[in-house]
Every structure is written in C-alpha cells, then in structure tokens.
Amino acid sequence: MATIISRIGHSELSDLYNRRIKKNIEQGTVQICGDIDECDIEYNGGCVHECNNIPGNYRCTCHDGFNLACDGHNCLDVDECVFNNGGCQYTCVNTMGSYECSCKEGFFLSDNQHTCIHRSVEGLSCMNKEHGCAHICKETPKGGVACECRPGFELAKNQRGCILTCNHGNGGCQHTCEDMEQGPICRCHVRYTLHPDGRSCVERDETTTESSDHNATSFTEVDKRVKRRLLMENCAVNNGGCDSTCKDTSTGVRCSCPVGFTLQPDGKTCKDINECELHNGGCDHFCRNTIGSFECNCWKGFKLLTDERSCQDIDECYFERTCGHTCVNSPGGFECVCNKGYTLYGLAHCGDINECSVNNGGCEQGCENTMGGFECHCHPGYKLHWNKKDCIEAEGFPATKPPSKPTLNCSRQEGGDRCYLTCQAQVHITSGTEDSYTVTCGMPLPCLAGAQRNGSGSYCLGPEMSSVLRIKTTATFKSGTGMCNLKRSQERLKESLNAAHSDSRSPFTENVQFSYVRLRCSSSGPRMQSRHGRKAGYEEEGSAITAEFELDVNLEEVTAESCDLGCVRRRSEKRLRKTIRTLRKSIHREQFHLHFAGSNYELAKRLARPVDLPEHCGKGQVLVDRKCVSCTVGTYYDRDQGRCVLCPAGMYQDEEGKNSCEVCPGSEVRGSPRSVGARNISECGGQCPPGQFSHDGFLPCLPCPLGTYQPEVGRTSCFHCGGNLVTKHNGAVSFQECETKVQCSPGHYYNTSTHRCIRCPMGTYQMEFGQNYCISCPGNTTTDFDGSTNIMQCKNRHCGGEMGDFTGYIESPNYPGNYPANIECTWTINPPPKRRILIVVPEIFLPIEDECGDYLVMRKSSLSNSVTTYETCQTYERPIAFTSRSKRLWIQFKSNEGNSGKGFQVPYVTYDEDYQELIEDIVRDGRLYASENHQEILKDKKLMKALFDVLAHPQNFFNYTAQESREMFPKSFIRFLRSKVLRFLRP
C-alpha cells in the first residue's frame, strides 16, 4: 500500500480527496461546520472595545491607554503616571485613557507636552503668557500668533481653544466614545451602566434591575434567568462563565487562560502569574512583574538585548571622546587613564602636570615644566647630576644651557622633507590637548610705546628697540586626515637628528632660529562641499594648523657697501618664505613633529583605517594578537629571542620600544643587590633612601641634619625647612616634619617668611595638612575660588561641543565633571534649508538648591521674549526628546557662584522637514518615556548615533543589515516605531 501511495503524487492524492468530499456533499452524506462570528452576536462578543473573531473563538482587545481586565472583556484605564511620572517634568495627571502633564505657576508646557518653559511678560509673541492658545502657539511671518492643537484635538471656532475628540485617549471614555459638535459623548456596553462622572462604566446589578419590574412579569423573568443559568454551561452563552478562553467539551465547558495568567480553583477565573518569582523571570538582572506579563531591566552600565531577557555591558570606550587619553572598559563601567606626565580631571580629561609647582619638581636649582614632563636646570658653573635633579660643580667648564629660542630643523629623507620644531623654553599650551590646542614657544615682541609699525605692519622699530628688527608672518597649513591631538611619538628626536647628520646625503635643508612661534591646531569634521552643486560630496575629516612666526633680522649681515638694513630684511623675508614652503610640504605629508622634554610629539592623531596585517614590526616592537606592540619600560627587545626581555640587574630602561637597556650609575654595594627589570634609575638599587643623602646619591649615606628633609631617593643634598625652622629629629623625609608655628589645613600652605597659613590662590590646590606649597591645576584648568583642596575642583572653562549641519552636540564645560562657577556659554544651531532640528536630552544635572541660578535655555534668538523650545534649571535624569519650535536655535547655559553639578551632553540632528509630522508624533507619545528600556535607548550613545545617522541621511539606512537593525533595539521599541511609521505612510 505504501508503495502505491508513494507512486501517486501528493497533488493527485489531494485532487482525489477533494473530488470524494464534493461527491459526498452533493449526496447529503457530509455536513459542513462553519465558524460562528461571536463578534456579530451577543453585543460585540461581550467586548467593551474591540472584538477580534478567530476560528472557533474570539478575542477582546483594548484601545491605547487601556489594559484588558481579568474577565477578558472589560477594559481598565492604565495609570501612566505610576511609571516614571509619565515622563513629565513637573506634575503628571492621569485621565481616562491617557494622561496630561502640567507645570508649576509661572511656566507652561512646551510643544513636546512634557517639559516646561518659563512664561514671559514681555512682547506679543508666543512667549507672552497671554497669547491665548490652549495648546501650541506658533509665530506667523507677520509677527502674530497662530494656535495649533495636539494630536487627537480639534481647533475650536475661536481659533484659540482645543476640543477633545475620540482620537485622543478614547475621548476620556472607558467604553464607547462618539464625537459630537460639543465634544465626545461616552456610552457603555449593554452589560454596564454609565457612572455619574459621565466617563466610567459600572457593571449592571441584574437582581436590582429585575426586582423593580412589575410583579406580573417577575415570575416569567425568573424562569428566564433559571433557563439562562442552565444554559450557562455553553461557550455560546456568556463565554461559559470563563474569564478568558472557553471550549465546549462532552462534559461541559473548559476554561483556559492566556499566557501570563493561571486558572483558579473555581475553574472560571484567571489570575495574573508573577513570573519574577520563578528563576527571576529568566532576566539577567532585574525583573518587574506586570499584569499578564513582566519586564526585564538591567543594572546601570548595561543594556537589554533584543531577546528582552539578557543584559550586555555597554562599551563606553566605543566613542573616542569618552576619555582624553586611554579608555579602559569594564563590566558596567569604564575608567579613564592618562599618559605619563598627565593627570585626570573632570572624570575623563587629561591635563599636563606642572611638576615644578610641587616642591620645585624636586630640582635643586631651576625647574622648567614641559608637556608631559619637566626638566631641571643648573646655574652657570654647575651641571646636572645623574639623578637629573641635583646640580654639581662642572669641572673646568661652565654647564651648557639649552637654546632658549624655538628652532626649526628640516632634513630631506625618504618621502620628502621632515621637520622638527624644538621648544626648550617658554613653552605654553593655551588650550586643551583634545580636538584643538594652541602651543607657543619663545617670547613675542610687541610694539612698545613710542615704537612705530611699518606700513605693512610686519615688524616694529622704535627708540626702545633700535637694535631689534623683527619679521612677523602668518601661514595656514592643511594636515592630512588626522584630528588635532598632541601625541608622543615612539621616535626620539636625538636619534632622528643623528641619523640626518650621519647621512651626508640628507643634510639640514632648513635650520632657523625663531624668536617666537605660535601654532594653533583646529580639527574639522566631515562637511558638505556644496549644497547646490551637481556633485555635492563630503570633505574628509582633518586638521588645519595656523602658524605665527617672529624672526629677528641678523643685524650683523648689514654692510654699508653691499647690503643695508632694508636689503638684509628682504633677504630674511625671502628665506622665511622658502622655509614656510618646506614646512607646508612636511605638514601635508604628516612629517612634522614638535619636541618637548627630549621627546617628539605628533600634531594630529590619524583616523583609524583598516590596514593589512604587519609582516614585520618596527624597532623595539613585538607582534602580539596580530598587532605590533612596543616593549614596555623595564624591558628591551632581544633580537635573538624575538621577544621583550626584562632588563638584567644593574641596568634600567625608562622608555618604551627600545632594543637595549642603560647601565645603572654607581657601583654595586654589598647588601644592596641590584633589581631586575628596573624602569628608571631610582629602581636600580643601592641609592640613598628618603631622608638621607651622599656625595653621589649612593650608599653609604648620611641622614639629613636638623632643619632639613629629603622626600626622594638617590639625592646628594637635603632641602632646608626655611624660616629658621628645625625638625624634631635627623633624617626627616618631608616638610611636614618641620616644626612650624602653626599647622596649615588643606587648601592652605605655610609661608616660611611670615610664619602664617596662606590660602592657595586660584588655579592651585592642596589636599594635605602642613605643606609649604600648593599644586598647580593640570592643563588649562583653574579653580572657582581660592583655598581649593582637591584636583576635582580644577575645572576647564571651555564650552564644549561640535556643531555640524546634520549632527552635533553641546556639552557643559568640564563635562562629565562638575561645571565651573560664573560661566556663560552660547551655541547656535542653524540647519541647512528645509531641515528641522531634533534634540535629545538624555539627562541633565543642575542643582535646584540655588533657586535657578544655573539654567539651560533654547530659543529662537538671544531676545528673552523669543520663542522658547526648552528651558530648565534642575536635575532631570529621565530622557526627553523634542523638536525645535523655530527653524534655528540659540542656546545659552549660565551658572552662578553657588552650587555646581555634572551638567549635560546634549546631541542633536537635523532632518528633512517632510518628516516633521512623523517625528513630532514619536517624541510627543508618552510611551516613548514610560518604559525604562525605552529610556535607556535614549541614553545609549551608540544607538542614538545610529538613529541620528539615518534621520540625517535616510539613504544610510541601507548601510545597516536587517540583522543589525533587529539586534540593535528591543522588540517593544521596534513595535512602537512601526505603528508610527505605518500610520505616517498610510495614504
């Protein structure tokens, strides 16, 4: 039989079966059972909102703003205010089927219907509290106002008020809503009666209703009720008494419950299951029970995956600007680490440490701070000791002093000219080392009183500087596709210059000593090259360097016979132009370096690009995980073994990427063995410990005498307490052991001349008791007031952000650290034509204790009565999204001298105005903010970057695969957006 069936095709069997059934129907031997549409009988199937027929059954569903009751038919209002205050900034008022946000006195709701804006009393614009619009006020081109209503409302005949319709929260009705001219009318299902409030519905009491009927019919009605009860055991009548699903069986009805409910002992009622009680609902972190379901949430620093159960660590290091230097991700958090010579401030930024402000850097004589380090200098007749801090007498010749003027050296090597600007003195960084900065070397020569400027303004010549002739010029250079970032190079300057000297074929093509150099590096993001051109494209990211040079004319070249002063000046200007041409080529090829403290610094950090795997690593590097990694300090690269090896005993290495180690100074002392893997001279061993000294810094040592102290190892002398102060004993290791007249508290230092405690001046701090110095704030930071006690009080006053035509962000100064006092920042967003602005405020931290002394406001212009989109002066940890009420935005942040806070980082995107209706529908819907998981999406920088990317350039949607799109967002968020998009696209 099986063989016969296998030989007959499936389609032939199907046709044969259908013909047999058709024949039986024609003969009347087969009866067909058809599905009953319960939604057409029994008053909408007993559903108070929507009834959906399904084969053999039906299902009730509710409108937005309602949840299905346990009986499976009635709909109950959802109190949106319970969850996250409905996303309202101030007060949330629950209504039937919806909710409303309200503001405190003196404020009114913004267009997003969740945040509040301060009312103005000036002018006749929408900012005037008497504008008369019930909902949304828009300014007209002629200067008047026009009123609009929120979705679900209609504008009244007076063009000011708004009339509720059934499209908003079911018109405030629990069951049925019907639009009338005067507004919605509420009605109830036949099994319910209207409550006196005119909106709610209560179940009818059949006993009370029937007892009021006439006696002549009471027995008939009772008989009908008995029959009806006898027929209750049938799913066709009152759903068999089941709360949810009813199924007819041979023994009667069988009730069952939907997923998320369990059937009670009475066999009829359904009760919600608390899924969180069993295995935490399958949630990785938090489980929150809801009616008929549950919701998983994650700890801070984690995000919910698309399975809506699992939690994944957020990689905060995904964004380059998370940390100033190095970002180290960890589960649920991250840590910012700074390079050597820099320290952390503002939680994420790195600033140069001014080592010279701490006990003169430990230098016996002179101390000069440099970027990422410092250098000790000695007076004439002395030279630096091997510890690079003490000064010893030079034998027979004065100590050489490094050149004080900035020097430019260029040499022709493979790939073109390579230039180095060496700055040994008067080096200043006048803005941060991220995105943009300014470096100055040397001393500018301003025009003094009585001096005259030549016609072109290029040099000064006057009675007070008759012997000085200086040429000034400015040039701008384009530096490849790199962002401004002073980055230490792996290559030492000395080795590079020696290589240039040793090769006779590559002598110095330029060797110029300037008197003053100012370099300003500024980064630029990708921008449109043309808005109207036929082939509009994007410029690549990169950096531009603006250089100012001051060059003294060598008056020794002046001769009375052949070349006078003007002739020498013209020669100098010609040589300077040639030097700038050489420098331009060097910068364009990214072959230009700065030199501070014996190290090279690159001006720009190249953008990450995919590269081929290296076959061979460079000098002092080893291949690790398919990447070339430099050997760390304390090690060197062994060519024979092909790996990094610890420096042997008696040797040290204080730099990365070296092929050998340096010999430790001094001879080995018995009882003090040399250590392996020494990272600096101090770790070589055999040196004088703190509180002791010797003629060469090595054992044997003497204790510091009374009145002196020494906090470091390997020193040849001790520091004096000063002011005739003495120590309690010999061998003191810090100034705190000097017996001062009074002990100074943190935020102060001891003045040995006046023997009083002085408050640390602004820009410095002191954390310890009893110190004789204050520490300078790192980088370009300063303190709000004097007497600071912690580095966290050092703040950058630069107003942060990146302003682009399509995307960008603004951030408070020093973010994510606390912003400074008495700061004022302004930004302007001016999008291209036919584009509107969407802003997301993930969170904002402004202290409310000082009565709105610190505030952030976004409005059309700087005028106080112009149309305001957003305004706040308090902490608001719940995210909010909104569209700008004006085509352009003027943004101001201002703080007073009171309390401070973390501030904000606010991203924005400009989008095609054709999507205005869709975007506003999304950001005004409270469901966007009611779910904690939706809130986390608005705080996730990676997800928001993807959303903004598609909003700014819709064609970029195709850059993300379908799998990537599904894996980015939770299903609930996709469902929320899908309904909005389908409604917008529906013709």
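Residues numbered from 1 in each chain as written. Predicted model: local features only at pLDDT ≥ 70, side-chain atom pairs only at ≥ 80, totals over all residues. Heavy atoms only, no water.

### Let's talk about the overall build of the chain
So, point 1. Along the backbone of the chain there are 13 helices and 71 strands.
So, point 2. Considering the chain as a whole, with its 987 residues, one finds that 43% of them fall into the buried category.
So, point 3. Summarising the internal contacts of the chain: among those between residues at least 6 apart in sequence, 52% fall at separations of at least 24.
So, point 4. As presented, the chain carries roughly 53,600 Å² of accessible surface, and 51% of it is formed by carbon and sulfur atoms. (Helix = DSSP H or I, 4+ residues; strand = E, 2+ residues; numbered from the N terminus. Buried < 20%, exposed > 50% of the residue type's maximum accessible area, 1.4 Å probe, protein only. Contact = heavy atoms within 4.5 Å. Areas by Shrake-Rupley, 256 points an atom, 1.4 Å probe, with all protein chains shown as cover.)

### Points about the sheet that holds strand S64 (residues 824-829)
So, point 1. Within the open sheet, the four strands sit side by side as S64-S70-S67-S68. Their pairing is antiparallel. In this open sheet, the two strands that pair with only one neighbour each are S64 and strand S68 (868-872). Strand after strand, the sheet turns through a mean of 10° between neighbouring axes, direction not considered. (Pairing = 2+ DSSP bridges. Axes fitted to C-alpha atoms, helices over the stretch in contact; angles between N-to-C directions.)

### Observations regarding the pairing of strand S51 (residues 643-646)
So, point 1. Two elements, strand S50 (residues 635-638) and S51, share four bridges in a ladder whose sense is antiparallel. Paired with Asp638 across the bridge in S51 is Arg643.
So, point 2. Turn length for the S50-S51 hairpin, with the two strands adjacent in sequence and antiparallel, is four residues, and the turn residue Gly642 shows positive phi of about 70°.

### Digging into the pairing of strand S30 (residues 373-377)
So, point 1. Relative to S30, strand S29 (residues 366-370) runs antiparallel, the two being bridged by five bridges. Note that in S30 the partner of Thr370 across the bridge is Gly373.
So, point 2. Connecting S29 to the next strand, S30, in antiparallel fashion are two residues, including Gly372 with a positive phi near 80°.

### A short note on the packing of aromatic side chains
So, point 1. Throughout the structure, instances matching the rule amount to eleven aromatic pairs.
So, point 2. Taken together, a centroid distance of 6.3 Å and an interplanar angle of 75° make the contact between Trp827 and Phe904 edge-to-face. Residue Trp827 is located in strand S64, and its partner Phe904 is located in strand S71 (residues 903-912); the two are separated by 77 residues in the primary sequence. For the residue pair Trp827 and Phe904, the accessibility class agrees, reading buried in each case.
So, point 3. Residues Phe893 and Phe904 carry aromatic rings whose centres are separated by 5.1 Å and whose planes lie at 80° to one another, so their mutual orientation is edge-to-face. Highlighted residues: Phe893 in strand S70 (residues 889-894) and Phe904 in strand S71, separated in sequence by eleven residues. (Phe/Tyr/Trp six-rings, centres within 6.5 Å; stacked < 30°, edge-to-face > 60°.)

### Comments concerning the pattern of salt bridges
So, point 1. Scanning all chains against the criterion turns up 20 salt bridges.
So, point 2. The partner of Glu573 in a salt bridge is Arg569, with the nearest N and O atoms 2.9 Å apart. In this pair, Glu573 and Arg569 are both assigned in helix H7 (residues 565-588), four residues apart and thus about one turn of the helix distant. Each member of the pair, Glu573 together with Arg569, is buried.
So, point 3. Where Glu683 meets Arg679, a salt bridge forms, and the shortest distance between an N and an O atom there is 2.9 Å.
So, point 4. Judged by relative accessible area, Glu683 falls into the partly exposed class, the value being 26%.
So, point 5. Connected through shared salt-bridge partners, Lys389, Asp390, Glu712 and Arg715 make up one network. (Salt bridge = Lys/Arg side-chain N within 4 Å of Asp/Glu carboxyl O.)

### Quick word on helix H13 (residues 971-985)
Along an α-helix, residues three or four positions apart point the same way, because every turn accommodates 3.6 residues.
So, point 1. Here H13 contains 15 residues, and its C-alpha end-to-end distance of 21 Å stays within 8% of the 21 Å for a straight helix at 1.5 Å per residue.
So, point 2. Buried within H13 we find Phe973, Phe976, Leu977 and Lys980. Buried positions in H13, seen along its axis, are confined to an arc of 90° and lie on one side of it. (Expected span 1.5 Å × (residues − 1). Arc of directions from axis to C-beta.)

### Things to note about the packing of helix H8 (residues 916-923) against H13
So, point 1. It is at 10 Å that the axes of H8 and H13 come closest, and there the two elements cross at 150°. Relative to H13, the crossing made by H8 is right-handed. In this structure, H8 uses Glu917, Leu918, Asp921 and Ile922 to contact H13, whose residues at the interface are Phe976, Leu977, Lys980, Val981, Arg983 and Phe984.
So, point 2. Looking at the contact of H8 with H13 residue by residue, the classes come out as six nonpolar, no polar and four charged. (Left-handed = near helix turned anticlockwise from the far one by under 90°. Nonpolar A, V, L, I, M, F, W, Y, C, P; charged D, E, K, R; others polar.)

### Some points on the UniProt feature "domain: EGF-like" (unreviewed entry) in the chain
So, point 1. On the UniProt side, "domain: EGF-like" (unreviewed entry) is annotated at positions that read residues 77-113 and 313-351 here.
So, point 2. The span residues 77-113 shows a helical share of 0% and a strand share of 38%, and its end C-alpha atoms are spaced 20 Å apart.
So, point 3. Along residues 313-351, the helical share is 0% and the strand share 46%, with 29 Å between the first and last C-alpha atoms. (UniProt positions renumbered as here; feature names shortened; annotations may be inferred.)

### As for a positive patch on the surface
So, point 1. Among the surface-exposed residues, Lys574, Arg577, Arg581, Lys585 and Arg589 lie close enough to one another that they form a single positively charged patch.
So, point 2. Structurally, Arg577 is set in helix H7.
So, point 3. Given a relative accessible area of 48%, Arg577 falls into the partly exposed group. (Patch = residues over 30% accessible without salt bridge, like charges linked within 9 Å, V, L, I, M, F, W, Y side chains within 5 Å. Lys, Arg positive; Asp, Glu negative; His and termini not counted. Charge placed at Lys NZ, Arg CZ, Asp CG, Glu CD.)

### Quick word on the nonpolar core
So, point 1. In terms of nonpolar packing, the biggest core is built from 45 residues, with Ile839, Met858 and Phe893 touching the most fellow members.
So, point 2. With 39 residues, the next largest nonpolar core counts Met371, Leu469, Ile471 and Phe549 among its residues. (Core = buried A, V, L, I, M, F, W, Y, C linked by side-chain atoms within 4.5 Å.)

### As for the state of the cysteines
So, point 1. Inspection of the entire model under this criterion finds 34 disulfides.
So, point 2. Between the sulfur of Cys356 and that of Cys367 lies a disulfide, 2.0 Å long from S to S. Torsion about the S-S bond of the Cys356 and Cys367 cystine: about -80°, corresponding to left-handed handedness. One end of the pair, Cys356, is in the loop between strand S28 (349-352) and S29; the other, Cys367, is in strand S29, and eleven residues separate them in sequence.
So, point 3. Disulfide partner of Cys647: Cys661, at an S-S distance of 2.0 Å. Looking down the S-S bond of the Cys647 and Cys661 bridge, the torsion is -80°, so its handedness is left-handed. Placement of the pair is Cys647 in the loop between S51 and strand S52 (651-652) and Cys661 in the loop between S52 and strand S53 (662-663), with a sequence separation of 14 residues. With respect to burial, Cys647 and Cys661 carry one shared label: buried. (Disulfide = S-S within 2.5 Å.)

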